[in-house]
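Working through the structure, step by step
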Amino acid sequence: MSHHYSGPDFSFPQGDARVDFTDLYAFPKPGDTGKSILIMNVHPSASENPPGPTTTEPFAPEALYELKIDTDGDGIADIAYRVRFSAFERGAQTANLYRVDGQQAAGTGDGGRVIVEGAPVSIGREARVTEAGDIRFFAGWRSDPFFCDVEGAKNNFQFTSDDFFADKDVCSIVLEVPNSALGEKEVRLWARTLTKGHGGGWIQVERGARPAQAVVLVEERDAYLGGEPADDERFLAGFAHALEHTGGYTPAEAKRVAGTLLPDVMPYDPTRPASFPDNGRTLTDDAFDWFVRVLTNGRVTGDSVGPHGDLLREFPYVGPPHQNRMTKAPTKIKA
């Protein structure tokens, strides 16, 4: 698994699949290096605990979905893209996209400058794309691009090359933005989901950037998922302790390796080719094999599972869902 099933015992945060963040991707737009593609995936179509399908409602209208961007390396967001969704009615849902900068980006709220309003969410196989100036936006069901032998990972890394995610879907939020919107230098990215608390304020229930570590290495799960990258040093000892056991690292080496995994952000320089873990992440990067090598100190090198063959060469790049949840949909909407 990547960031899927990050709740207790491989369940969902707050028991809600719609706010379960699964993966983050960032890479230069193919054929146009002046733009970048940012992808935040949530809501696995299948549950592990208990086994079975999840709701067909793509996104939670009572939730907030955010892409956070740190431009100066302090672990605090300087830019944020926020997405809110309408209620899912008669098989349809719409999205609003906002941008906030500065102190607002570092805070918690659902306001901001409106970029896209009333964008249709894709329920079926055809991608409903919304354009607003030099920004393109997509939200909806897609084929899960993550690939991994989950059962082999759970069985002491006895892999059988069985890709658990080969027939699974997720809900994707995809942005195409000019690099100038990111600052045109290396930034650090992460994603998070929030829901309303009992007092009416927003409560962070999920966050992350790097695959697998929040599911495998975290000892203080609630504190980690509710935390901020700027404070991730407090989890260093827990990560190091876990790595001593999984990889046989010495205490000093485990601490050093743990330091390469925290803070939980994704470095991304839009002027360079993307390659995980050094710079962003493409849809074909084998992030799980990389994590397994770190986790086991090189004892296990991979699961012999490769990228999916249903990826698209054009926006939104993530392949169509395996399950068609509606009939026809227009391919492009002008905002």
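Residues numbered from 1 in each chain as written. Predicted model: local features only at pLDDT ≥ 70, side-chain atom pairs only at ≥ 80, totals over all residues. Heavy atoms only, no water.

Description of the confidence of the model for the chain
Our working rule: pLDDT measures how confident the predictor is about each residue, on a scale from 0 to 100. We call two residues in contact when some of their heavy atoms are within 4.5 Å.
Residues of the chain with pLDDT of at least 70 account for 96%, and the chain-wide mean is 94. In the predicted structure, residues 327-335 sits below a pLDDT of 50 and forms 19 contacts with residues beyond four places in sequence or in another chain.

Considering the nonpolar core
For clarity, the cut-off: Here, nonpolar core means buried Ala, Val, Leu, Ile, Met, Phe, Trp, Tyr and Cys residues that are tied together by side-chain atoms lying within 4.5 Å of each other. Throughout, exposure labels follow a simple rule: accessible area from a 1.4 Å probe, protein chains only, divided by the maximum for the residue type, with under 20% read as buried, over 50% as exposed, and the rest as partly exposed. Starting at the N terminus, helices and strands are each numbered in turn, a helix being any DSSP run of H or I of at least four residues and a strand any DSSP run of E of at least two.
Counting residues in hydrophobic clusters, the biggest one holds 50 residues, and the most contacted among them are Phe27, Ile39, Leu217, Tyr224, Phe239 and Leu243. Listing elements by their share of this core, those giving two or more residues are strand E1 (21-29), strand E2 (32-42), helix H2 (150-154), helix H4 (221-225), helix H5 (236-247), helix H6 (251-261) and helix H7 (287-295). Setting aside its immediate chain neighbours within four residues, Leu243 contacts Leu217, Gly248, Tyr249, Ala254, Val257, Ala258, Leu261, Val294 and Leu295. Formed by 48 residues, the second largest nonpolar core is a distinct cluster that contains Ala60, Ala63, Ile79 and Val100.

A closer look at the side chain of Glu57
Relative to the helices and strands, Glu57 resides in the loop between strand E4 (51-53) and strand E5 (63-70). Classification of Glu57 as buried rests on a relative accessible area of 16%. When near neighbours in sequence (up to four residues on either side) are disregarded, Glu57 contacts Arg18, His43, Phe88 and Gln93.

Let's talk about the packing of H5 against H6
The description of two helices packed together rests on the angle between their axes and the distance between the axes. Our working rule: Axis definition: a line fitted to C-alpha atoms, limited for helices to the stretch in contact. Angles are taken between N-to-C directions and run from 0 to 180 degrees. Just so you know how the angles are binned, under 35 degrees is roughly parallel, over 145 roughly antiparallel, 65 to 115 roughly perpendicular, and the rest oblique. With the far helix as reference, a near helix turned anticlockwise by less than a right angle produces a left-handed crossing, and one turned clockwise produces a right-handed crossing. Under the scheme applied here, ten amino acids are nonpolar (Ala, Val, Leu, Ile, Met, Phe, Trp, Tyr, Cys and Pro), four are charged (Asp, Glu, Lys and Arg), and all others, including Gly, are polar.
One can describe the packing of H5 onto H6 by two numbers: an axis separation of 8 Å at closest approach and a directional angle of 120 degrees. The angle between H5 and H6 places the two elements in the oblique class. At the point where H5 passes H6, the crossing takes the right-handed sense. Across the interface between the two elements, Leu236, Phe239, Ala240, Leu243 and Glu244 of H5 pack against Pro251, Ala254, Lys255, Val257, Ala258, Gly259 and Leu261 of H6. Its residues assigned to classes, the contact of H5 with H6 comprises 9 nonpolar, 1 polar and 2 charged.

Here's the deal with the pairing of strand E13 (residues 202-208)
The test is simple: Any two strands with at least two DSSP-identified bridges between them are counted as paired.
Buried residues dominate E13, accounting for 6 of its 7 residues. Across 6 bridges, strand E12 (residues 187-196) lies against E13 in antiparallel orientation. Bridging across to E13, Thr195 finds its partner in Ile203. Taken together, E12 and the strand that follows it, E13, pair antiparallel across an intervening segment of 5 residues, in which Gly200 is found at a positive phi of about 95 degrees.

Examining unusual backbone geometry
Going from Leu262 to Pro263, the amide bond is cis rather than trans, its omega being 0 degrees. Position of Pro263 among the secondary structure elements: in the loop between H6 and strand E14 (266-268). The peptide bond linking Phe315 to Pro316 adopts the cis configuration, its omega dihedral lying at 10 degrees. Within the element layout of this structure, Pro316 appears in the loop between H7 and strand E15 (332-334). Unlike most non-glycine residues, Asn156 shows phi in positive territory, near 55 degrees.

Comments concerning the packing of aromatic side chains
Counted only if it meets this: Pairing of aromatic rings covers Phe, Tyr and Trp, the last counted by its six-membered ring, and requires centre-to-centre distances within 6.5 Å; plane angles under 30 degrees mean stacked, over 60 mean edge-to-face, and any other angle means tilted. Definition used: whenever NZ (Lys) or CZ (Arg) falls within 6 Å of the ring centre and also within 35 degrees of the ring normal, the charge is taken to sit over that ring.
Scanning the entire structure with this criterion turns up 13 aromatic pairs. Ring geometry for Phe59 and Phe85: centres 4.0 Å apart, planes at 5 degrees, overall stacked. Of this pair, Phe59 sits in the loop between E4 and E5 while Phe85 sits in strand E6 (residues 79-85); the two residues are 26 residues apart in sequence, bridging distant segments of the chain. Residue classification places Phe85 among the buried positions, given a relative accessible area of 6%. Summarising the aromatic geometry, the rings of Phe276 and Trp290 are spaced 5.2 Å apart at their centres and angled 85 degrees between planes, so their arrangement reads as edge-to-face. Pair noted here: Phe276 is in the loop between E14 and H7 and Trp290 is in helix H7, with a separation of 14 residues, a long-range link. Among the aromatic residues, those joined into a ring-pair cluster are Phe27, Phe315 and Tyr317. Above the plane of the ring of Trp202 lies Lys196, whose end atom (NZ or CZ) is 4.8 Å from the centre. The aromatic ring of Phe276 is capped on one face by Arg281, whose charged end is 5.9 Å from the ring centroid.

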